[in-house]
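# Reading the structure
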Amino acid sequence: MHPRLTDTALLSALRGFLPAESILDDVEDMQPFECDGLSVYRQLPMLVVLPETVEQVQQVMRLCHEHKVPVVARGAGTGLSGGALPLASGVLLSLAKFKRILSIDPHNAQATVQPGVRNLAISEAAAPYGLYYAPDPSSQIACTIGGNVAENSGGVHCLKYGLTVHNVLMVKIVTMDGELLEIGAPTLDAPGYDLLALMCGSEGMLGVIVEVTVKLLAKPERAQVVLAAFNDVAQAGAVVGAIISAGIIPAGLEMMDRLAIQAAEDFAHAGYPRDAEAILLCELDGSNAEVSEYIMAVRKLLTDSGATEVRTAVDEAERQLFWKGRKSAFPAVGRISPDYYCMDGTIPRRQLPHVLQQISDWSKEYGLAVANVFHAGDGNLHPLILFDANQPGQLKLTEEFGQRILRLCVEVGGTITGEHGVGIEKIDQMCVQFQTLELQQFHAIKHAFDPDALLNPGKAVPSLHRCAEFGAMHVHDGQLAHPELERF
């Protein structure tokens, strides 16, 4: 057993193989790394390292493993569950310098990239070959593919084309003890257990992703969006099931309520009807003939279901504008409230009207406005609870409201997350979602990859003790009450 290194000794050891500019230990330099997109949780790390090669990552991991120093890997920091929150006694390992597209293979329709490559950059690089990468989170201009794999990110087109797990062929990871593993294969199947699926959504707890090979798809001959306005949110939610039941699988099927519509329209000027209680955006893609057929069928379904207005994008520019409004919804809501809490839960589609009504009732009970923006097609909700952290007690009230929404998701047969991950935000709700034996199995998987629990400890899977004392973690004035997260 090696003793823990002091900060000075660790710095000295890291400087033996990393350039000076790749090590940050000054408070001001480390400040940008103190949180991810869930900014109510903040913690400065002991050190930040920014390696440039896989070999350097391996050396960092071996050093930290040998001396039992925790490591938290970080991509672009756009995550919304606190998954990249550092530890005061640990190293924050940034993959920001791993931003090269290693290859685009148009014949096999795949791309191999480093984890720091932005999601949108893959499609931009593949565009000259008539190809693109399907998963498109709203943060795709900034979020990176390594983080997408870690969180199993989705996007507005996940209904038809799947989440990250359905579009990744192979990853290379560095384990906590510095071993380089290749998981998956550049084919549609690989022998042995499906460890690739295990890595997707593992939230940085099993290994550090250093390379990703993804599937590329051919751009469809035609893509067109239908916008429908409704005077009732529950009515808009009900028509989602009607579209799917008709055997039509849209490329994207998104919903926004009145508050989200108005915020997005003021921000993006997308041409949304400001007086609507809800809008649906339904995109159909494929050949010219099938899109024409589906457009007519969907328009009829929407009209028969009580839509007050049905509008089809007249060209590609308007299609992009409709999506710009939807993808701008989060920053748009940020303009109308000092703070907002972005929830992420998934429910069966048939439960949409009931859940939306319950959220509306709770909004009145708590006196906190909610802007609903979500992937209606697969039931992935993103209620944005508006609050002011400067008002005493509002953050606590907001978190309580959010916990009730997640409990409701489980009660109606859904889950506590759809794409944002668990991180530290939903770790207590894992106690609601899973039973003791299931949690024990999760811990066994973690132990197989990381016996000393040094990789992103205290995230995603709660200890059995924590579940026994549900609600032990609290937030006070934007700081962790217990900066050292509970270890496995």
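Report follows, based on the coordinates. Keep in mind the model is a prediction, meaning the values are calculated, not measured.

### Section: the pairing of strand S13 (residues 252-257)
- Most of S13 is tucked away, with six of its six residues classed as buried.
- The side-chain alternation of S13 yields two buried faces, one formed by Gly 252, Glu 254 and Met 256 and the other by Leu 253, Met 255 and Asp 257.
- In this structure, S13 lies alongside strand S14 (residues 278-286), joined through six bridges in antiparallel fashion. The residue bridging Glu 254 from the neighbouring strand is Leu 281, located in S14.
- In terms of strand pairing, S13 meets strand S18 (residues 370-374) through two bridges, oriented antiparallel.

### Notes on the packing of helix H13 (residues 352-366) against helix H14 (residues 394-411)
- The N-to-C vectors of H13 and H14 enclose an angle of 160°; their axes lie 11 Å apart at closest approach. Between H13 and H14, the angle falls in the class roughly antiparallel. Note that H13 runs across H14; the crossing there is right-handed. When H13 is examined against H14, the residues His 354, Val 355, Gln 358, Ile 359, Trp 362, Ser 363, Glu 365 and Tyr 366 are found in contact with a partner set consisting of Leu 397, Glu 400, Phe 401, Arg 404, Ile 405 and Leu 408.
- Classifying every residue of the contact of H13 with H14 by side-chain character gives eight nonpolar, three polar and three charged.

### Brief notes about the side chain of Thr 112
- Looking at where Thr 112 falls in the secondary structure, it is placed in strand S6 (residues 110-113).
- A polar side-chain atom of Thr 112 sits 3.0 Å from a polar atom in the side chain of Thr 213.

### A word on a negative patch on the surface
- Taken together, the side chains of Asp 7, Asp 25, Asp 26, Glu 28 and Asp 29 define an acidic patch exposed on the protein surface.
- Structurally, Asp 29 can be placed in helix H2 (residues 27-30).
- A relative accessible area of 40% means that Asp 29 is categorised as partly exposed.

### Things to note about the side chain of His 420
- Relative to the helices and strands, His 420 resides in the loop between H14 and helix H15 (430-433).
- Among residues more than four places away in sequence, those in contact with His 420 are Leu 80, Ser 81, Glu 151, Cys 342, Met 343, Asp 344, His 382 and Lys 426.

### Points about the packing of helix H8 (residues 233-245) against H13
- Viewed as axis vectors pointing N to C, H8 and H13 meet at an angle of 155°, and their least axial separation amounts to 8 Å. Taken together, the axis directions place H8 and H13 in an arrangement best described as roughly antiparallel. Here H8 runs over H13; the crossing is right-handed. Contacts between H8 and H13 pair Val 233, Ala 234, Gly 237, Ala 238 and Val 240 from the former with Leu 352, Pro 353 and Leu 356 from the latter.
- Residues that form the contact of H8 with H13 fall into these classes: seven nonpolar, one polar and no charged.

### Describing helix H10 (residues 288-304)
- When the terminal C-alpha atoms of H10 are compared, their 24 Å separation across 17 residues agrees well with the 24 Å that a helix rising 1.5 Å per residue should span.
- Residues Val 291, Ile 295, Val 298 and Leu 302 constitute the buried set of H10. Relative to the axis of H10, the buried residues are bounded by an arc of 80° and lie together on one face. In H10, those exposed residues whose orientation departs by more than 90 degrees from the buried face are Ala 289, Glu 293, Met 296, Lys 300 and Asp 304.
- Those residues of H10 hidden inside the fold are in contact with strand S12 (222-230), H8, S14 and strand S15 (309-312).
- Phi turns positive one or two residues past the end of H10, at Gly 306, with a value near 100°.

### Some words on unusual backbone geometry
- For Ala 109, which is not glycine, the phi dihedral falls at a positive 55°.
- Tracing the sequence through the fold places Ala 109 in the loop between strand S5 (101-105) and S6.
- In this model, Ala 453 sits at a positive phi of 55°, which is unusual for a non-glycine residue.
- Of note, Ala 453 is situated in the loop between helix H16 (436-449) and helix H17 (464-468).

### Side note on the state of the cysteines
- According to the stated counting rule, one finds one disulfide in the structure shown.
- Through a disulfide, Cys 431 is tied to Cys 467; the S-S separation comes to 2.1 Å. With the S-S dihedral at roughly -85°, the linkage between Cys 431 and Cys 467 falls on the left-handed side. Highlighted residues: Cys 431 in helix H15 and Cys 467 in helix H17, separated in sequence by 36 residues.
- Sulfur of Cys 143: no disulfide; nearest cysteine sulfur belongs to Cys 158 and is 13 Å away.
- Its sulfur unpaired, Cys 342 is 12 Å from the next cysteine sulfur, which belongs to Cys 409.
- Judged by its relative accessible area of 6%, Cys 342 is buried.

### Notes on the pattern of salt bridges
- Counted by the stated rule, this structure contains 20 salt bridges.
- One salt bridge connects Arg 326 with Glu 254, and the closest N-O pair in it is separated by 2.8 Å. Residue Arg 326 is found in helix H11 (residues 316-327), and its partner Glu 254 is found in strand S13; the two are separated by 72 residues along the sequence.
- For Glu 254, a relative accessible area of 1% puts it in the buried group.
- Note that Arg 404 and Glu 365 form a salt bridge whose closest N and O atoms lie 3.0 Å from each other. Within this pair, whereas Arg 404 is found in helix H14, its partner Glu 365 is found in helix H13, the two being separated by 39 residues in sequence.
- Taken together, the shared-partner salt bridges connect Lys 172, Glu 182 and Glu 211 into one network.

### Considering the packing of aromatic side chains
- The final tally for this structure, using the stated rule, is four aromatic pairs.
- When the centroid spacing of 6.5 Å and the interplanar angle of 65° are considered together, the rings of Phe 330 and Tyr 340 count as edge-to-face. Of this pair, Phe 330 sits in helix H12 (residues 329-334) while Tyr 340 sits in strand S16 (residues 339-342), placing them ten residues apart in sequence.
- Overall, the relative accessible area of 14% leaves Phe 330 in the buried class.
- With 5.0 Å between their ring centres and 85° between their planes, Phe 434 and Phe 442 make a pair best called edge-to-face.

### A word on the nonpolar core
- In terms of nonpolar packing, the biggest core is built from 58 residues, with Phe 230, Met 255, Leu 280, Leu 302, Ile 385 and Phe 401 touching the most fellow members.
- At seven residues, the largest contribution of residues to this core is made by H14.
- Aside from chain neighbours lying at most four places away, what touches Met 255 is Val 233, Ala 236, Gly 237, Ala 278, Ile 279, Leu 280, Leu 356, Asn 372, Val 373, Phe 374 and Ala 376.

Criteria and cut-off values
- Residues numbered from 1 in each chain as written.
- Predicted model: local features only at pLDDT ≥ 70, side-chain atom pairs only at ≥ 80, totals over all residues.
- Heavy atoms only, no water.
- Buried < 20%, exposed > 50% of the residue type's maximum accessible area, 1.4 Å probe, protein only.
- Helix = DSSP H or I, 4+ residues; strand = E, 2+ residues; numbered from the N terminus.
- Pairing = 2+ DSSP bridges.
- Axes fitted to C-alpha atoms, helices over the stretch in contact; angles between N-to-C directions.
- Parallel < 35°, antiparallel > 145°, perpendicular 65-115°, else oblique.
- Left-handed = near helix turned anticlockwise from the far one by under 90°.
- Contact = heavy atoms within 4.5 Å.
- Nonpolar A, V, L, I, M, F, W, Y, C, P; charged D, E, K, R; others polar.
- Polar contact = N/O pair within 3.5 Å; in protein donor to acceptor, adjacent residues only side chain to side chain.
- Patch = residues over 30% accessible without salt bridge, like charges linked within 9 Å, V, L, I, M, F, W, Y side chains within 5 Å.
- Areas by Shrake-Rupley, 256 points an atom, 1.4 Å probe, with all protein chains shown as cover.
- Salt bridge = Lys/Arg side-chain N within 4 Å of Asp/Glu carboxyl O.
- Lys, Arg positive; Asp, Glu negative; His and termini not counted.
- Charge placed at Lys NZ, Arg CZ, Asp CG, Glu CD.
- Expected span 1.5 Å × (residues − 1).
- Arc of directions from axis to C-beta.
- Disulfide = S-S within 2.5 Å.
- Phe/Tyr/Trp six-rings, centres within 6.5 Å; stacked < 30°, edge-to-face > 60°.
- Core = buried A, V, L, I, M, F, W, Y, C linked by side-chain atoms within 4.5 Å.

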